[in-house]
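Observations on the model geometry
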Amino acid sequence: GRPYYNASVSETEPSTSDINKIIDDCLKAPSAANNQPWQWVCSNGQLYLYHDIVRSKSSWDPNHFAACVSMGCAIRNLQLSSARLQYRADITFNYQNINLPEEPLASIRLVKDTSEKVSQLYQEIGKRQTNRSNAKSKSIPGKVLNQLRQSLNTYSTVDMRLLTDPSKKANMSVLLGELERIRLLNSDGHRDFINEIRWNPEENQQKRDGVDIRTVDLTNTERAGLQIGKDPDVISLLREWQMGSGFDKIITKGVDNCFGLAFFIVDESSTESLIAGGTAIQNYWLTCSKQNVQVHPLASAAILFNTVNHTNNLQRDELMRIREIKDTVFGILDINPNQHILMTLRLSVHNAVAVRSLRKNKSDSFIEISK
């Protein structure tokens, strides 16, 4: 008999214009501390995603936990952008290459397919933002919460716990604040923090990555304290004197005033699981954007809980306290000790923010190889 022929599918090579539009959308994905840990290459109409280890290097994250989640976010943008241009993105992952910056983590073949459905979430790729405002949140209607949860329906490997109970949220606020203090008083954590903040507009424009200090909701006193805290000798003294509780407020103010915390959970921390989890988180975040729910990602719990098993950068008292906090957090969330927190999103309803973090120039993250 005649072979099956699908008229909606074409093997024609994607145009340069379409490739560039898709890459533009991929580069808008969120990443840990806005480190943009990706390099994209186009050769003969096929896309390749590489892990830029230099950008994602962190003493707290030797296994590239955060980079995998970031890659997953970019992959979700890729899927949405491809579908908008009526391509099907056939993705082949090489998960073993997460540690090999010269080898592609993923190869993407774009097949023209007019049956691809365009998601309304595509419009949110450029609107999505991180909102670090500590303003008091309005309530989020149950109908909206249901839509947010439904955005995870197709991601079977990812679970989510939404914490809104005032008492439990207050307890969680204290614990997350203490984790942030541990991170900032640790010499390696302090160095990473100083390096990821862009302290003035000139530095921000020059580097086009990291966290613009203007996006962090700080009082003048708190900002002055952070400036003083840039000195490692000050941090050493604070640790010696068992002080530094002011660092807690970087987290606790926002958590106390938010509507709720969404904790994303996976059963394993393999590269495959983490990338899939990042894809789910981005789908959820874009849905939040569509519903006018403001999001602030909090990564300390995910990174520190993972770090305790893979690093020598922590003192014994730090390790013990992080493990105690982990047990308490897992108890509050009622999750299995063998599971992993992938990310925490702080959810609020208040005004959007005017200042947004910059992205690197496209030429720094994308190479198009001529035929």
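Residues numbered from 1 in each chain as written. Predicted model: local features only at pLDDT ≥ 70, side-chain atom pairs only at ≥ 80, totals over all residues. Heavy atoms only, no water.

**Section: the side chain of serine 133**
Mapping serine 133 onto the fold places it in the loop between strand S5 (106-113) and helix H4 (142-150). We classify serine 133 as buried; its relative accessible area is 17%. Filtering out sequence-adjacent residues up to four positions away, serine 133 remains in contact with Asp217, Arg346 and His350. (Helix = DSSP H or I, 4+ residues; strand = E, 2+ residues; numbered from the N terminus. Buried < 20%, exposed > 50% of the residue type's maximum accessible area, 1.4 Å probe, protein only. Contact = heavy atoms within 4.5 Å.)

**Looking at empty space enclosed by the protein**
According to the stated counting rule, one finds 2 cavities of 30 Å³ or more in the structure shown. Of the pockets and cavities examined, the second largest cavity occupies roughly 30 Å³. Lining the second largest cavity are Phe65, Ala66, Val69, Ala299, Ala302, Ile303, Leu342 and Met343. For the lining of the second largest cavity, the secondary structure elements donating two or more residues are helix H3 (65-84), helix H12 (300-307) and strand S11 (340-348). Ranked by residue count, the leading element in the lining of the second largest cavity is H3, at 3 residues. Residues belonging to the lining of the second largest cavity are distributed by class as follows: 8 nonpolar, no polar and no charged. (1 Å grid on protein atoms, 1.4 Å probe; cavity = no way out; pocket = protein on both sides within 12 Å on 5 of 7 lines; lining within 4 Å. Points joined across faces, edges and corners; volume = space filled by probe spheres on them. Nonpolar A, V, L, I, M, F, W, Y, C, P; charged D, E, K, R; others polar.)

**What about the pattern of salt bridges?**
On inspection of all chains with the given rule, the structure shows 17 salt bridges. Residues lysine 207 and glutamate 203 are paired through a salt bridge, measuring 3.4 Å at the closest nitrogen-oxygen approach. Taken together, the positions of lysine 207 and glutamate 203, both in helix H7 (residues 201-207) and 4 residues apart, correspond to about one turn of that helix. Exposure remark for lysine 207: the relative accessible area of 36% places this residue in the partly exposed category. Exposure remark for glutamate 203: the relative accessible area of 17% places this residue in the buried category. The residue aspartate 212 makes a salt bridge to arginine 214 at a minimum N-O spacing of 2.7 Å. Here aspartate 212 falls in the buried class, since its relative accessible area comes to 2%. Accessibility expressed as a relative area gives 45% for arginine 214, which makes it partly exposed. (Salt bridge = Lys/Arg side-chain N within 4 Å of Asp/Glu carboxyl O.)

**A few points about unusual backbone geometry**
Phi is positive for glutamine 36, close to 50°, though the residue is something other than glycine. Mapped onto the fold, glutamine 36 is located in the loop between helix H1 (16-26) and strand S2 (38-43). With relative accessibility at 2%, the residue glutamine 36 sits in the buried group. Backbone geometry places aspartate 334, a non-glycine residue, at a positive phi of 55°. Here aspartate 334 is to be found in the loop between helix H13 (316-333) and S11. The exposed category is assigned to aspartate 334, whose relative accessible area is 64%.

**Observations concerning helix H5 (residues 166-185)**
With 20 residues, H5 extends 29 Å from end C-alpha to end C-alpha; this agrees with the ideal 28 Å at 1.5 Å per step. For H5, the N-terminal capping position is held by aspartate 165, with its side-chain oxygen 3.2 Å away from the main-chain nitrogen of serine 167. (Expected span 1.5 Å × (residues − 1). Polar contact = N/O pair within 3.5 Å; in protein donor to acceptor, adjacent residues only side chain to side chain.)

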